[in-house]
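What follows is the residue order along each chain.
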Amino acid sequence: MESRKSRLNLPAGMESSLRLDSIPAAHFPAIPKTPSPSKTTYGDRFIPCRSSSRLQNFALAEKPSPTKEGGNDAYSRLLRAELFGHDPAPYSPGAQGSPISPSKNLFRFKTVHSAPSSPFSVTSVAAYDTALEVSTPPKVPRKIAKTPHKVLDAPSLQDDFYLNLVDWSSQNALAVGLGTCVYLWSATTSKVTKLCDLGNRDGVSAIQWSREGSYLAIGTSLGDVQIWDGTRCKKIKSMGGHLTRTGVLAWNSCILSSGSRDKNILHHDLRVPGDFVSKLVGHRSEVCGLKWSHDDRELASGGNDNQLLIWNQRSQSPLLKLTEHTAAVKAITWSPHQHSLVASGGGTADRCIRFWNTCNGNMLNCVDTGSQVCNLAWSKNVNELVSTHGYSQNQIMVWKYPSLSKVATLTGHTLRVLYLAMSPDGQTIVTGAGDETLRFWNVFPSLKTPAPVRDTGVWSLGRTHIR
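Keep in mind that this is a model prediction, so the values were computed, not measured.

Cut-off values and rules
Residues numbered from 1 in each chain as written. Predicted model: local features only at pLDDT ≥ 70, side-chain atom pairs only at ≥ 80, totals over all residues. Heavy atoms only, no water. UniProt positions renumbered as here; feature names shortened; annotations may be inferred. Helix = DSSP H or I, 4+ residues; strand = E, 2+ residues; numbered from the N terminus. Core = buried A, V, L, I, M, F, W, Y, C linked by side-chain atoms within 4.5 Å. Buried < 20%, exposed > 50% of the residue type's maximum accessible area, 1.4 Å probe, protein only. Contact = heavy atoms within 4.5 Å. Polar contact = N/O pair within 3.5 Å; in protein donor to acceptor, adjacent residues only side chain to side chain. Phe/Tyr/Trp six-rings, centres within 6.5 Å; stacked < 30°, edge-to-face > 60°.

Colleague: Teacher, can you tell me more about the UniProt feature "repeat: WD" (unreviewed entry) in the protein here?
Modeller: On the UniProt side, "repeat: WD" (unreviewed entry) is annotated at positions that read residues 197-229, 280-321 and 410-443 here. Taken as a whole, residues 410-443 contains 0% helix and 56% strand, while its terminal C-alpha atoms sit 10 Å from one another.

Laid out in structure tokens, this is it:
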């Protein structure tokens, strides 16, 4: 087929004198070909956009080749730039921090340290927790009613610092010594029962319930110790041994200890005949404080000689003599939360509560209360203790341990608050004073559900007689 040639319309004779040279295509701008709308163009491969990829997170390991040593550096740099861009630093074998370093693995993933994009990432959750901690409101302090919820009249309740005339049993019965008589008040039914009358020649100087709450020990002005069955109102045993009044009593699981003005401490065992099984001599004046530890291993005794002595079950002489107090030591309590921790309080000239480690005799802390310390009791529900005071403020104070910050200060008694006992559930305390009243205070939370104590002070408007 004959090809068609394009000709110019020129005058005759000029066509042979003209010559058209071909011009290279590079001199003309490239005109892109627009595909037809009805046609779809398919490529033979897909090349992704490297700007959106994360190839920089991987390092391609180079394996040294003996045939290329020192010969292809320029080519390697060019290839690296094409693959990863121009940012990575040139490769130097063995350099620290190089993006391409020799490795046994072909690819090595590098973590990108950037802000988390997911709200469920670990960093986000941690930040959320921190925000919650910051925004959590501070714990509201426990509210303690400033007035007693019940008041009992207690005629003839003696105003004597060295006596111990009030105790609350584990069976919820309150025993009170009034003159020559002992009365029992049921906290469940409010019923009052007269347990005994010692007669005109004697008087009640100390009372203490056994731990199971069935037997009541009574110390007398003549130095005797009587054991009574509180349920049947029957005397079980009477024991002598002291030369003068028995002012303090303390039970452990099977032994009853008594302290007297004769400076001695006697151990009584109800299972054996006789008045006492052992005598402890160590104080130089009347024994007015006595308390067994919760594990029955140690006995703490306080005296009018300003000493706190620590004994064990078998010792005939004190293991520790603690002499930092400058007044009589009547107030003693053991911590139910920590072994070998005991607190003691001094009288008018001392006014301090001191905390001791009985393992080594070290004084752990001391707080000046500003007035005579008459009683101490450690809460079993929370790590706090309550103290009652005499001259000159006659107050009741609740302390947090070990910070010794004041939780509350309660007032209401008009004379020294000489007597203190705690309810079986550990929430209520009863205090007695020379003003011949017993006042009941809601002080501590319950053991299981710590909750603010409701102010039920309106109940104190009516009084009840204990006899």
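So much for the structure itself; the text now carries on.
Colleague: Is there a simple way to think about the nonpolar core in this case?
Modeller: Soluble, globular proteins show a tendency: their nonpolar side chains are buried together. One finds Leu-174, Leu-216, Ile-218 and Leu-438 to be the most contacted residues of the largest nonpolar core, which totals 36 residues. Elements that contribute at least two residues to this core include exactly strand E4 (166-168), strand E5 (173-178), strand E6 (181-186), strand E7 (192-197), strand E8 (204-209), strand E9 (215-220), strand E28 (417-422) and strand E30 (437-442). Excluding anything up to four places from it in sequence, Leu-438 contacts Lys-150, Val-151, Leu-152, Ala-154, Leu-157, Val-166, Leu-174, Val-176, Val-430, Thr-431, Gly-432 and Ile-466.

Colleague: What is the right way to look at unusual backbone geometry in this model?
Modeller: Both trends apply: most residues other than glycine have a negative phi, and most peptide bonds are in trans. Note that the residue after Tyr-391, namely Ser-392, is joined by a cis bond; omega there is 10°. Structurally, Ser-392 can be placed in the loop between strand E25 (384-389) and strand E26 (396-400). The omega torsion across Tyr-401 and Pro-402 is 10°, close enough to zero to call that bond cis. Residue placement: Pro-402 occurs in the loop between E26 and strand E27 (405-410). A positive phi angle, close to 65°, is found at Arg-351, a residue other than glycine. Position of Arg-351 relative to the elements: it lies in the loop between strand E21 (341-346) and strand E22 (352-357).

Colleague: In this structure, what is going on with the environment of Arg-416? I would like to understand it.
Modeller: Examined against the element boundaries, Arg-416 turns out to sit in the loop between E27 and E28. Owing to a relative accessible area of 11%, Arg-416 belongs among the buried residues under this scheme. The sequence separation of Arg-416 and Asp-160 amounts to 256 residues, and the corresponding C-alpha distance is 9.2 Å. Those residues in contact with Arg-416 that sit more than four places away from it in its chain are Asp-159, Asp-160, Phe-161, Gln-372, His-389, Gly-390, Tyr-391, Asn-394, Gly-432, Ala-433 and Gly-434. A distance of 3.3 Å separates polar atoms of two side chains, one belonging to Arg-416 and the other to Asp-159.

Colleague: Whenever I open this one, the packing of aromatic side chains confuses me. Can you help?
Modeller: For any pair of aromatic rings, geometry is given as the distance between the ring centres together with the angle between the planes. Enumeration according to the criterion identifies 6 aromatic pairs in this entry. Where Phe-355 meets Trp-378, the ring centres are 6.0 Å apart and the plane angle is 80°; that geometry is what we call edge-to-face. With a gap of 23 residues between them, Phe-355 in strand E22 and Trp-378 in strand E24 (residues 373-378) connect regions that are remote in the sequence. Considered together, Phe-355 and Trp-378 belong to a single accessibility category, that of buried residues.

Colleague: Looking at this structure, how should I read the environment of Ser-403?
Modeller: Positionally, Ser-403 belongs in the loop between E26 and E27. Take Ser-403: its relative accessible area is 48%, and that puts it in the partly exposed class. Residues Ser-403 and Glu-384, spaced 19 residues apart in sequence, show a C-alpha to C-alpha distance of 9.8 Å. A polar side-chain atom of Ser-403 sits 3.1 Å from a polar atom in the side chain of Ser-405.

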